[in-house]
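Chains, contacts and geometry: an overview
One letter stands for each residue in the lines below.
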Amino acid sequence: MMNNLPEATMTLILTRQHLEQVLTMRDCIEAIADVMRRFSLGETVMPVRLMTPVPGRGSHAAMPAAIPGLGVLGIKSITIFPTNPERGAPAILGLVILNESNTGRPLAVMDAAYLTAVRTAAASAVATRALARPDASALALIGAGVQAGSHLWALSEVRPLRSVAVYDIDRLVAERFIETKSRRHPELTFRLAASPEDAIRGADLVCTVTTSQTPVVDLNWLKEGVHINAVGAHTPEARELDSATVTAARVLVDSREAALKEAGDLIIPLQEGRFGAEHIRDEIGEVLAGIKPGRTSDAQITVYKSVGIAVQDIAAARLAYERAVSLGVGVPVEL
Ligand SMILES: NC(=O)c1ccc[n+]([C@@H]2O[C@H](COP(=O)([O-])OP(=O)(O)OC[C@H]3O[C@@H](n4cnc5c(N)ncnc54)[C@H](O)[C@@H]3O)[C@@H](O)[C@H]2O)c1
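Residues numbered from 1 in each chain as written. Predicted model: local features only at pLDDT ≥ 70, side-chain atom pairs only at ≥ 80, totals over all residues. Heavy atoms only, no water.

1. Some points on helix H3 (residues 113-131)
- The end-to-end C-alpha separation of H3 is 27 Å, in line with the 27 Å expected for 19 residues at 1.5 Å each.
- The buried fraction of H3 is high, at 17 of 19 residues. (Helix = DSSP H or I, 4+ residues; strand = E, 2+ residues; numbered from the N terminus. Expected span 1.5 Å × (residues − 1). Buried < 20%, exposed > 50% of the residue type's maximum accessible area, 1.4 Å probe, protein only.)

If you want it as structure tokens, here you go:
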């Protein structure tokens, strides 16, 4: 088999618990940095994902990608049902199928919910490492759900965090988040914010990780030199950032093709005529490859607009598979 992938004849089933044992944020950040570079250099194959609306519930996403240089391809199949939490289920559920790219043989089938939480935050950490000021230490989390937790984990790997302000439209969710995370991160000072503005004023880093359809960030609240990871919205009509913020900022995207199709944060101000398409054209992988600038001044506001792309899932799945095989984790089955 190509590229050091472990030899195996069976397909490995990896549950969430298995992935929690084998997938570390630190390793995932490096895997995502590597694949974002490959993606922007044209070394991967990835159609824009196929979204199937599910009336009354949400949507299903089919997300295929091939990474020939890593010897793998695969697909993530997920449902995004925003009201699931009201029924006691996570908003995002699904599976990843990982194939070997010589013969197409299925190497593994794994839970996609945990993988998505880790790879999305790892991508934001990659962008933060490339774009944020090195001394950024005050984090604002807008939204206190699954992604907020993984973003706290990821950003603490790449910047010297000291304080975290948390706002969620559901106060109880934010309170519970702070209670749990302050036990896990005694080195950080947590603060329950009364509003998005209260959380954002004074922050060096802002992560918007909500299911909001309308802006939760206003340019007037932002500190000079802030870096924003805008993660939540992924339809042309939905956004978390106001037009003024996107217009003022140096904007980097994960995929320019996907962003122009899915990111309301960028599409709405583009349609308003606030800027031309060149303002939202540059990819984080191009910055990592050294072919586009990242931050160009200390005072500049930088925005990483993430819609989430399948190469990230397949790279993270490959990492998890490789670690699981070497640690003897998972359930091998003959299909
Ligand atoms: N970019 C990507 O790659 C990517 C990947 C996974 C998920 N997402 C998106 O990220 C978002 C968060 O995902 P999650 O799994 O953490 O969901 P979640 O349901 O666990 O958390 C979302 C939180 O946002 C809060 N919220 C909703 N509206 C708000 C508002 N106006 N202000 C403050 N808080 C608000 C909710 O109360 C909830 O606690 C979703 O929109 C999801 O689709 C993006």
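On we go from here.
2. As for the domain arrangement of the chain
- In terms of domains, the chain is made up of domain 1 (11-116 + 311-333) and domain 2 (133-308).
- If you average the C-alpha positions of domain 1 and of domain 2, the two centres end up 23 Å apart.
- Domain 1 puts 17 residues into the contact, and the matching count from domain 2 is 23 residues.
- The junction of domain 1 with domain 2 conceals about 1700 Å² of combined surface from both sides, 63% of it contributed by carbon and sulfur atoms.
- Three residues stand out in domain 1 for area buried against domain 2, namely Met25, Val48 and Arg49, and they jointly supply 33% of the buried area on that side.
- On inspection of domain 1 and its partner domain 2, the count reaches 2 salt bridges.
- Where Arg49 meets Glu262, a salt bridge forms, and the shortest distance between an N and an O atom there is 2.7 Å.
- Residue assignment for the side of domain 1 that touches domain 2 shows that the elements contributing at least two residues are helix H2 (25-40) and H3. (Domains from an automatic or database assignment. Contact = heavy atoms within 4.5 Å. Buried area = accessible area lost by both parts, 1.4 Å probe. Salt bridge = Lys/Arg side-chain N within 4 Å of Asp/Glu carboxyl O.)

3. Description of empty space enclosed by the protein
- All told, the structure shown has 1 cavity of 30 Å³ or more when counted by the stated rule.
- The computed volume of the largest cavity comes to approximately 60 Å³.
- Together, Met46, Pro47, Val48, Arg49, Met63, Pro64, Ala258, Glu262, Gly308, Ile309 and Ala310 line the largest cavity.
- Contributing elements (two or more residues each) for the lining of the largest cavity: strand S3 (58-67) and helix H8 (256-262).
- Here the lining of the largest cavity is built from residues that sort into 8 nonpolar, 1 polar and 2 charged.
- Here the lining of the largest cavity spans two domains, and each of domain 1 (11-116 + 311-333) and domain 2 (133-308) adds at least three residues to it. (1 Å grid on protein atoms, 1.4 Å probe; cavity = no way out; pocket = protein on both sides within 12 Å on 5 of 7 lines; lining within 4 Å. Points joined across faces, edges and corners; volume = space filled by probe spheres on them. Nonpolar A, V, L, I, M, F, W, Y, C, P; charged D, E, K, R; others polar.)

4. Focus: the pairing of strand S1 (residues 11-14)
- Pairing geometry for S1 and strand S14 (residues 331-333), over 3 bridges, is antiparallel. Residue pairing in the sheet places Leu12 in a bridge with Pro332 of S14. (Pairing = 2+ DSSP bridges.)

5. Section: helix H9 (residues 264-271)
- Within H9, 6 of the 8 residues are buried, which leaves the element mostly enclosed by the surrounding structure.
- Here H9 has its buried residues at Gly264, Asp265, Leu266, Ile267, Ile268 and Pro269.
- Packed against the buried residues of H9 are helix H7 (243-248), strand S12 (250-253), H8 and strand S13 (302-305).
- Gly273, located one to two residues past H9, shows a positive phi value of around 80°.

6. Here we look at the site of the ligand
- Residues in close proximity to the ligand total 24 residues, the closest being Arg119, Gln147, Asp168, His234 and Ser306.
- Backbone polar atom of Val307 to a nitrogen atom of the ligand: 3.5 Å apart, as the coordinates give it.
- Within the contact set of the ligand, an oxygen atom lies 3.4 Å away from a backbone nitrogen or oxygen of Gly308.
- Look at the ligand: alone it shows 860 Å² of surface, and the protein chains cover 87% of it.
- Contributions of two or more residues to the shell around the ligand are made by H3 and helix H4 (146-158).
- If one sorts the elements of the shell around the ligand by residue count, H3 sits on top with 3 residues.
- Both domain 1 (11-116 + 311-333) and domain 2 (133-308) contribute no fewer than three residues apiece to the shell around the ligand. (Near = heavy atom within 4 Å. Polar contact = N/O pair within 3.5 Å; in protein donor to acceptor, adjacent residues only side chain to side chain. Areas by Shrake-Rupley, 256 points an atom, 1.4 Å probe, with all protein chains shown as cover.)

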